[in-house]
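# Survey of secondary and tertiary structure
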Amino acid sequence: MIIRRKLPAVKDALARQAAVALIGPRQVGKTTLAFDLAGEVPSLYLDLEASQDRRKLADPALFLRQYQDQLVVLDEIHRVPELFSTLRGLIDEGRRQGRRNGRFLLLGSASMDLLRQSSESLAGRIAHVDMGPFDVLEAPDLAPLWVRGGFPDSYPCQE
């Protein structure tokens, strides 16, 4: 597995902010990076493209309060845009209780809508980390990178 250079940036952002949006094109490894990080700390992962995970958020504040001492990873956050206002309230509530950082990792494509929604609703509460395909500093072999590109599915990883 290729260690992504953005992992330390995400960890650093989570140490500074309550929420971090990891954004980038589809299929660059955002979810894989989130799983790597979630394996290091107590966490909850929700895939908001999955109807069963969206159903868990029927009352998002009630559900997410159960995980206030864990990192909550919300993948495909753009599928539930109304969640941003709930997150704002939970972040503010947590700050009053001394939980200031490392609460939510939001994953989504780098769409202007996602950036606008998160920036407006979570102003002062969120950091953004951009992630792209593998680059020359991450790829152990440059020939396939130049020929096939840096998207993980096209790059031949040795495991």
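Anything mentioned here points back to the structure above.
Please read all numbers here as calculations on a predicted model, not as lab measurements. (Residues numbered from 1 in each chain as written. Predicted model: local features only at pLDDT ≥ 70, side-chain atom pairs only at ≥ 80, totals over all residues. Heavy atoms only, no water.)

## Section: the overall build of the protein
Broken down by element type, the protein carries seven helices and five strands. Start at the N end of the protein and walk to the C end: the helices and strands fall as α-β-α-β-α-α-β-α-β-α-β-α. Burial analysis of the protein (159 residues in total) assigns 45% to the buried set. Taking contacts inside the protein between residues at least 6 apart in sequence as the whole, the part at least 24 apart equals 74%. (Helix = DSSP H or I, 4+ residues; strand = E, 2+ residues; numbered from the N terminus. Buried < 20%, exposed > 50% of the residue type's maximum accessible area, 1.4 Å probe, protein only. Contact = heavy atoms within 4.5 Å.)

## Section: the packing of aromatic side chains
Going through the model one piece at a time under the given rule, you end up with two aromatic pairs. Ring plane angle 40° and centroid distance 4.5 Å describe the contact between Phe-35 and Tyr-45, whose orientation is recorded as tilted. Linking Phe-35 in helix α2 (residues 30-38) with Tyr-45 in strand β2 (residues 43-47), this pair joins segments that are ten residues apart in sequence. With centroids separated by 5.2 Å and ring planes inclined at 50°, the aromatic side chains of Phe-63 and Tyr-67 adopt a geometry described as tilted. Residue classification places Phe-63 among the buried positions, given a relative accessible area of 13%. Take Tyr-67: its relative accessible area is 21%, and that puts it in the partly exposed class. (Phe/Tyr/Trp six-rings, centres within 6.5 Å; stacked < 30°, edge-to-face > 60°.)

## A short note on the sheet that holds strand β3 (residues 71-75)
A sheet is described by the order of its strands in space; here five strands give the open sequence β2-β3-β4-β1-β5, paired in parallel fashion. The open sheet is flanked by β2 and β5 (126-130), the only strands paired with a single partner. On average, each strand axis in the sheet is tilted by 20° relative to the strand beside it, whichever way the strands run. Pairing geometry for β3 and strand β4 (residues 104-109), over four bridges, is parallel. Within β4, the position partnered with Asp-75 by the bridge is Leu-107. Helix-sheet contacts for helix α5 (residues 83-96) involve β1 (19-24), β3 and β4, and the interaxial angle to β4 is about 160°. (Pairing = 2+ DSSP bridges. Axes fitted to C-alpha atoms, helices over the stretch in contact; angles between N-to-C directions.)

## Some points on the pairing of β4
Buried residues dominate β4, accounting for six of its six residues. Pairing analysis gives six bridges linking β1 to β4, with the strands arranged parallel. In the sheet register, Leu-22 faces β4, and the bridge partner there is Leu-107. For the crossover that starts at β3, traverses α5 and ends in the parallel β4, the hand is right-handed. (Right-handed = clockwise from strand over helix to strand, strands pointing away.)

## Considering the pattern of salt bridges
Counted by the stated rule, this structure contains eight salt bridges. Among the ionic pairs, Arg-26 bridges to Glu-76, the shortest N-O distance being 3.5 Å. Taken together, the positions of Arg-26 in the loop between β1 and α2 and Glu-76 in the loop between β3 and α5 put the pair 50 residues apart, joining distant regions of the chain. The exposure class of Glu-76 is buried, given its relative accessible area of 15%. (Salt bridge = Lys/Arg side-chain N within 4 Å of Asp/Glu carboxyl O.)

## Focus on the side chain of Arg-4
Considering the arrangement of structural elements, one finds Arg-4 in the segment before α1 (6-16). Of the residues examined, Arg-4 reaches a relative accessible area of 10% and is grouped as buried. A polar contact of 2.6 Å, which involves the side chain of Arg-4, links it to the backbone oxygen of Gly-132. At a separation of 3.4 Å, a polar atom in the side chain of Arg-4 contacts the main-chain carbonyl oxygen of Pro-133. (Polar contact = N/O pair within 3.5 Å; in protein donor to acceptor, adjacent residues only side chain to side chain.)

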